[in-house]
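So you can see what is in the structure, the chains are spelled out below.
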Amino acid sequence: MATWLIGGVLFVIVAAVAWKMMKDHRSGKGGCGGDCSRCSGCGH
């Protein structure tokens, strides 16, 4: 039972971090600030 509880908590944390990263990326708060001509990590 404890394994399921810990796994569920970890899943929620990872999902929240991924959601925040996607939300920031969509709003232009990513690592390069949306200026992909100066960013080596965008891939655009």
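Procedures and definitions
Residues numbered from 1 in each chain as written. Predicted model: local features only at pLDDT ≥ 70, side-chain atom pairs only at ≥ 80, totals over all residues. Heavy atoms only, no water. Helix = DSSP H or I, 4+ residues; strand = E, 2+ residues; numbered from the N terminus. Buried < 20%, exposed > 50% of the residue type's maximum accessible area, 1.4 Å probe, protein only. Areas by Shrake-Rupley, 256 points an atom, 1.4 Å probe, with all protein chains shown as cover. Salt bridge = Lys/Arg side-chain N within 4 Å of Asp/Glu carboxyl O. Expected span 1.5 Å × (residues − 1). Patch = residues over 30% accessible without salt bridge, like charges linked within 9 Å, V, L, I, M, F, W, Y side chains within 5 Å.

Caption draft 1: The arrangement of the overall build of the protein chain in detail. Across its full length, the protein chain holds one helix and zero strands. Burial analysis of the protein chain (44 residues in total) assigns 2% to the buried set. For the protein chain, the computed accessible surface area is about 4100 Å², with 69% contributed by carbon and sulfur atoms.

Caption draft 2: Quick peek at the pattern of salt bridges. The full count for this structure, using the stated rule, is one salt bridge. A salt bridge links Asp24 to Lys20; the nearest nitrogen and oxygen atoms lie 3.1 Å apart. Here Asp24 and its partner Lys20 are both found in helix 1 (residues 2–26), four residues apart, which amounts to about one turn of the helix. You can call Lys20 partly exposed: its relative accessible area is 47%.

Caption draft 3: Main features of helix 1. Taking 1.5 Å of rise per residue, the 25 residues of helix 1 would be expected to cover 36 Å, and the 36 Å separating its terminal C-alpha atoms lies within 8% of that figure. A small share of helix 1 lies buried, amounting to one of its 25 residues.

Caption draft 4: Molecular detail of a nonpolar patch on the surface. A cluster of nonpolar residues, Leu5, Ile6, Val9, Leu10, Ile13, Val17 and Met21, forms a patch on the protein surface that exposes about 700 Å² of accessible area. We classify Leu5 as exposed; its relative accessible area is 60%.

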